[in-house]
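What follows is each chain in one-letter form.
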Amino acid sequence: MKQPPRFPRLRRLAALLLLAASTALPTAPTAQAAVTPAPTPGELRPHTISAAYTAGISSGGYMATQLHVAYSGTFAGSAVFAAGPYDCARGDLYRAQYACMKTYQDLGLDALERTTRDRSAQGLIDPVANLSGDPVYVFSGSGDATVERPVAGALAAYYGRFGARVRYDATTAAGHAWISPLGPNACTVTQSPYVNDCGIDAERDLLGHLTGAVDAPAPAPTGSLVRFDQNRYVPGGSASAVSMDGSGFLYEPAACSDTATPCRLLVALHGCKQGYSYQSFGTKFIDTAYLDEYADTNHLLVLYPQAVPTTTLDNPNGCWNWWGYLGDGAYAQHGGKQIEAIMNMVRALGGGGTEPPTPTTTVTLPSLDAQDGYVKAAPDGSGAAVGTLEGVSGLALGRGSDGKDNRSLLSFDTSRVPAGKEIVRAYVSATRASGSGDPWASPAGNRLLLDVRTGCFGASCTTEPSDWSAPATVPAAAELPAFSSGTRASTDLSPAALAALDRTGTTQLRLRFATTPTSTAYLFLATAPRPTLTVEYR
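Residues numbered from 1 in each chain as written. Predicted model: local features only at pLDDT ≥ 70, side-chain atom pairs only at ≥ 80, totals over all residues. Heavy atoms only, no water.

A. Structural context of the overall build of the chain. Secondary structure assignment for the chain yields 9 helices and 24 strands. The C-alpha radius of gyration computed for the chain amounts to 26 Å, which stays within 12% of the reference 24 Å derived for 538 residues, consistent with globular compactness. Its C-alpha atoms give the chain principal-axis dimensions of about 80 × 50 × 45 Å. Here the analysis covers contacts within the chain between residues at least 6 apart in sequence; of these, 77% occur between residues at least 24 apart. On the chain, roughly 19,600 Å² of surface is accessible, and the fraction owed to carbon and sulfur atoms is 52%. (Helix = DSSP H or I, 4+ residues; strand = E, 2+ residues; numbered from the N terminus. Rg over C-alpha atoms; globule rule 2.2 N^0.38 Å. Contact = heavy atoms within 4.5 Å. Areas by Shrake-Rupley, 256 points an atom, 1.4 Å probe, with all protein chains shown as cover.)

Following this line, the structure appears as structure tokens:
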């Protein structure tokens with residue numbers, strides 16, 4: 001892995017944050033931006049919102065993802081230019097720079113997924129099940145040296161883990177910018193106003209992916225650009241206290257002026273150095289984003305919240321809060337000051353969303369040593385026998401040197417989950433003791449699966465030869481991803497498997513590779529610490 005540059009770590013090294021100034025490069029001659037209506041003072045009034053989405057560039061891209069994930073009951077999808085996965089920074093400016101912009105550090109996608117699922121189970125964000133099927137558009141240019149392409153690729157992979165429908169556009173040499181036919185910059189540069197023309201209509205692509213086929217844009221916006229007071233929507237009433245501007249903007253097309261007419265809502269979030277009050281930047285982002293033109297012809301309201309620089313080094317470039325500045329530890333979840341301010345705007349427009357789910361209780365069940373074990377058999381299941389090395393090496397999985405395929409059995413007392421409670425999530429954790437070869441790569445793409453049995457696989461719950469091939473109540477209910485050391489958690493058990501957990505007694509799990517390894521390749525799971533089954537219920 002690359003090593004970060006050798007210079008002092010400064011907790012408030014904000015000068016290196018997103019959209020830092022770069023050497024000026026020539027701009028490309030592009031189409032002149034259409035004249036945007038002048039802002040008109042007004043208020044946010046309730047509309048009939050049929051669906052809501054988020055979109056953003058850079059720090060605004062991170063905020064767009066935070067809004068979508070934290071309030072997935074409100075937002076039906078998201079579009080992101082040049083940003084990485086949800087809560088990538090984990091409240092750490094150093095990680096923000098070196099894992100979530102540059103790639104000197106591993107951003108830890110497994111940990112980010114686990115954090116997301118944990119927060120969902122705790123009610124700190126909306127249920128992650130809402131993300132399944134949501135459309136997500138991700139864009140990254142090969143010329144982007146600010147948020148490097150692997151970081152954006154990790155965002156696409158992150159959403160894929162939750163079943164979102166991801167469209168990842170990595171086809172251009174774009175610099176770090178919002179991409180628009182009205183961009184005054186050439187495609188490859190990274191410079192103000194950070195809106196680039198790459199010869200494509202990215203707005204048609206992202207809106208088409210989010211909402212379905214869209215009508216052609218209007219030649220010029222003809223609706224109203226409402227300038228409203230953001231202070232009234234910020235918890236505590238002071239926008240500047242949370243690094244937000246006193247003014248925000250709403251583009252209301254004529255088709256949505258009748259508030260009874262169903263319209264969609266897009267929350268569009270600028271990047272660093274693109275806010276209205278940043279060094280007289282004004283409405284350049286709004287003017288060139290090419291969203292209002294589509295809003296006119298597609299019954300679309302566009303909300304443009306505004307961030308503002310701090311007078312301290314916390315946020316001098318007017319970025320959205322994606323690393324926890326100003327001490328906001330909840331910046332990426334329910335209760336985050338900027339998130340709640342934007343949500344209050346969305347609610348004022350009629351996009352109410354859902355209430356946070358009831359918090360869950362977690363119980364971690366150790367496997368039952370006396371009933372655990374492993375069984376070996378020929379790949380066709382013949383000659384099954386109980387393994388004898390558990391006490392010496394652990395629980396075997398994969399193909400041993402004798403050519404036998406090993407499968408392990410784990411027993412759990414699931415009667416400890418109170419009756420009458422809804423089980424919302426469960427997963428297995430196990431520690432690797434030793435092994436030989438890589439059974440996940442023999443053959444390539446091999447998978448370590450978990451079968452679930454209500455009660456026990458055999459006549460008794462102690463390990464017996466027939467357990468190798470006994471039918472499961474729910475086969476392939478989860479998967480334990482590849483790992484070479486330490487402790488690994490499985491994916492969540494399927495809904496059918498959750499229903500199969502025996503609330504009155506024992507539930508057994510059988511771990512097996514989907515395909516018998518083609519040559520000797522195995523691992524042993526440790527028996528100390530015991531494998532565990534974590535169950536969350538409410």
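B. Main features of the side chain of Arg530. Note that Arg530 resides in the loop between strand S23 (521-525) and strand S24 (532-537). In terms of polar contacts, Arg530 uses its side chain to reach the side chain of Asp369, at 3.2 Å. Within the local environment of Arg530, its side chain forms a polar contact with the side chain of Asp372, the two groups lying 2.4 Å apart. (Polar contact = N/O pair within 3.5 Å; in protein donor to acceptor, adjacent residues only side chain to side chain.)

C. Up close: the state of the cysteines. Summed over the entire model, instances satisfying the criterion amount to 5 disulfides. The residue that forms a disulfide with Cys88 is Cys100, at a sulfur-sulfur distance of 2.1 Å. In this structure, the disulfide formed by Cys88 and Cys100 twists by about -95 degrees around the S-S bond and is classed as left-handed. Pair noted here: Cys88 is in the loop between strand S3 (75-81) and helix H2 (93-98) and Cys100 is in the loop between H2 and helix H3 (109-122), with a separation of 12 residues, a long-range link. On the basis of relative accessibility, which here comes to 1%, the residue Cys88 falls in the buried class. Under the relative-accessibility criterion, Cys100 is labelled buried at 0%. (Disulfide = S-S within 2.5 Å. Buried < 20%, exposed > 50% of the residue type's maximum accessible area, 1.4 Å probe, protein only.)

D. Representation of the nonpolar core in the model. Membership of the largest hydrophobic core comes to 70 residues, with the highest contact counts inside it found for Leu67 and Leu303. A total of 7 residues in this core trace back to one element, the largest contributor, which is helix H4 (residues 149-160). Residues Trp178, Leu207, Ala295 and Val302 belong to the second largest nonpolar core, which totals 37 residues. (Core = buried A, V, L, I, M, F, W, Y, C linked by side-chain atoms within 4.5 Å.)

Just geometry here; none of it tells us what the structure is for.
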